[in-house]
Amino acid sequence: LQTRIPLPANKDELYVLSQNINNLLDRVENAIEREKQFTSDASHELRTPLAVIKGTMEVLIRKPRNQQEYEEKINFCITEVDRLNHMVDQLLLLARFENQKQNIKNESIYLNALVLDNLARFSEKIEAKKLTIKTNFTADYHLQSDNYLISIIVSNLISNAIKYTENNGEITIGLSQNSNAILLSVADNGIGISKIDLDKVFNSFYRSDSTNQAKIKGTGLGLSIVKRLCDLLKIEVSVSSELQVGTVFNLSFPLAKLK
Ligand code: ADP
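Residues numbered from 1 in each chain as written. Predicted model: local features only at pLDDT ≥ 70, side-chain atom pairs only at ≥ 80, totals over all residues. Heavy atoms only, no water.

The chain is annotated in an unreviewed UniProt entry as histidine kinase of Flavobacterium celericrescens. Its UniProt record gives the chain a comment under Catalytic activity (unreviewed entry), which states: "ATP + protein L-histidine = ADP + protein N-phospho-L-histidine." Checking UniProt for the chain, the heading Subcellular location (unreviewed entry) contains the comment "Membrane". (UniProt positions renumbered as here; feature names shortened; annotations may be inferred.)

This is the structure:
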């Protein structure tokens, strides 16, 4: 808006200008609509567990229960509070990255080590579910980008692969390169995502039906953080999946565009 738009010299140019202004207005309206939707989804997602916690506690106060039932209900509340805490952390992350372009660091990153470090953080969960982890690194990969932000992307993908894979399943992390990009894939043989859900998994708060059926808890925010960070760092992210077969998330770090 700071650059001066030249005055249209004739009817045709005036028409083009009015079309451009219309497009711009549409984009602004859509952005406002998305913001409104996000705020309303966020308050719904925060209110629901709060109402459930309040309800559970009120029941406990009104009717004294036996010790076992009392502990079960308190533990349930603690789990919900943990989930709320996690959701607030994720919402804060999303808000922080909104206008973070100027703060992106340009550091040396050794991707192999970054992946292994992130895997190590999940070792307890991996052991508990008896998952097999395979790494398929065809070489040592090095790039310049923001170490912390790339770690958040990779750890979200690994965390999901663990969460949505049943006991004794398998997760394979691949690192390779073609002429244009370094490629990182996180593949699992877990519950998979249906075709209908596949387009929507990067939307904030979206959780697929199969996830709800399998009663796996989450916030629906992890992949929207992944998408937002990938956009910020100019990384391409894509997903392919088949129900009951497994899911692959692919990251492509374009060699030419990397910050
Ligand atoms: P959350 O895991 O907290 O629900 P995400 O934004 O990380 O939120 O993921 C959104 C949805 O995408 C999940 O609820 C799940 O339905 C689906 N999903 C993500 N990763 C996987 C995966 N590896 N396997 C199957 N489904 C997945």
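What follows picks up the thread again.
Undergrad: Honestly, the site of the ligand in this entry has me stumped. Any pointers?
TA: Around the ligand, the surrounding shell holds 20 residues, and the nearest of these are Tyr164, Arg207, Thr211, Thr219 and Leu223. With respect to the ligand, the side chain of Lys163 contributes an N or O atom lying 3.0 Å from an oxygen atom. Within the complex, the protein chains bury 98% of what would otherwise be the 530 Å² of accessible surface of the ligand. Among the secondary structure elements, those contributing two or more residues to the shell around the ligand are α5 (147–163), α8 (222–233) and β7 (246–254). (Near = heavy atom within 4 Å. Polar contact = N/O pair within 3.5 Å; in protein donor to acceptor, adjacent residues only side chain to side chain. Areas by Shrake-Rupley, 256 points an atom, 1.4 Å probe, with all protein chains shown as cover. Helix = DSSP H or I, 4+ residues; strand = E, 2+ residues; numbered from the N terminus.)

Undergrad: Explanation requested: the pattern of salt bridges in the structure shown.
TA: Under the definition given, this model contains five salt bridges. Taking the shortest distance from any N to any O, the salt bridge between Glu170 and Lys134 comes out at 3.4 Å. Within this pair, whereas Glu170 is found in strand β4 (residues 170–177), its partner Lys134 is found in strand β2 (residues 132–137), the two being separated by 36 residues in sequence. Overall, Lys134 belongs to the partly exposed group, its relative accessible area being 40%. Members of the salt-bridge network, linked through shared partners, are Glu80, Arg83 and Lys217. (Salt bridge = Lys/Arg side-chain N within 4 Å of Asp/Glu carboxyl O. Buried < 20%, exposed > 50% of the residue type's maximum accessible area, 1.4 Å probe, protein only.)

Undergrad: Help me out: how do you make sense of helix α1 (residues 11–62) in this one?
TA: In an α-helix, one full turn covers 3.6 residues, which means residues spaced three or four apart are oriented alike. Compared with the 76 Å implied by 1.5 Å per residue over 52 residues, the 75 Å span of α1 between its first and last C-alpha is a close match. Those residues of α1 hidden inside the fold are in contact with α2 (67–97). (Expected span 1.5 Å × (residues − 1). Contact = heavy atoms within 4.5 Å.)

Undergrad: For this particular structure, what's the right way to read the environment of Leu232?
TA: Tracing the backbone through its elements, the reader meets Leu232 in helix α8. Leu232 sits in the buried class, given a relative accessible area of 10%. Spatially, the C-alpha atom of Leu232 lies 31 Å from that of Ser18, the residues being 214 residues apart in sequence.

Undergrad: Please explain the nonpolar core as it appears in this structure.
TA: A general trend in soluble globular proteins is that nonpolar side chains are found buried together. Counting residues in hydrophobic clusters, the biggest one holds 51 residues, and the most contacted among them are Leu111, Ile150, Ile153, Leu184, Leu251 and Phe253. Put simply, the parts of the chain that give this core at least two residues each are α2, α3 (111–121), α5, β4, β5 (181–188), α8, β6 (236–242) and β7. With nine residues, α5 is the largest single contributor of residues to this core. Setting aside residues no more than four positions away along its own chain, Ile153 makes contact with Val226, Leu229, Cys230, Leu233, Ile235 and Leu251. (Core = buried A, V, L, I, M, F, W, Y, C linked by side-chain atoms within 4.5 Å.)

Undergrad: I keep staring at α8 and nothing clicks. Help me out?
TA: Given a rise of 1.5 Å per residue, 12 residues ought to cover 16 Å, and the 17 Å separating the end C-alpha atoms of α8 matches this to within 8%. Most of α8 is tucked away: nine of the 12 residues are buried. The complete set of buried residues in α8 reads Gly222, Leu223, Ser224, Ile225, Val226, Leu229, Cys230, Leu232 and Leu233. Of the surrounding secondary structure, the elements contacted by the buried residues of α8 are α2, β3 (142–145), α5, β6 and β7. Taken from the residues just after α8, Lys234 is the one with a positive phi, measuring 60 degrees.

Undergrad: I would appreciate a short explanation of the sheet that holds β4 in the present structure.
TA: To summarise the sheet geometry, strands pair through backbone hydrogen bonds and adopt either a parallel or an antiparallel arrangement. Taken together, the five strands give an open sheet; going across it, the order is β2-β4-β5-β7-β6, and neighbouring strands pair in mixed fashion. Both edges of this open sheet fall to β2 and β6, since each of them pairs with a single strand only. Pairs of neighbouring strands in the sheet enclose a mean axial angle of 10 degrees, with direction left out of account. Of the pairings in the sheet, the one linking β4 to β5 comprises seven bridges and is antiparallel in character. By the bridge assignment, Gln177 is partnered in β5 with Ile182. Together, β4, β5 and β7 form the strand contacts of α5, whose direction differs from that of β5 by roughly 25 degrees. (Pairing = 2+ DSSP bridges. Axes fitted to C-alpha atoms, helices over the stretch in contact; angles between N-to-C directions.)

Undergrad: What should I look at first to understand the environment of His86 in this one?
TA: Mapped onto the fold, His86 is located in helix α2. Since its relative accessible area comes to 42%, His86 is described here as partly exposed. Separated by 136 residues in sequence, His86 and Gly222 place their C-alpha atoms 10 Å apart.

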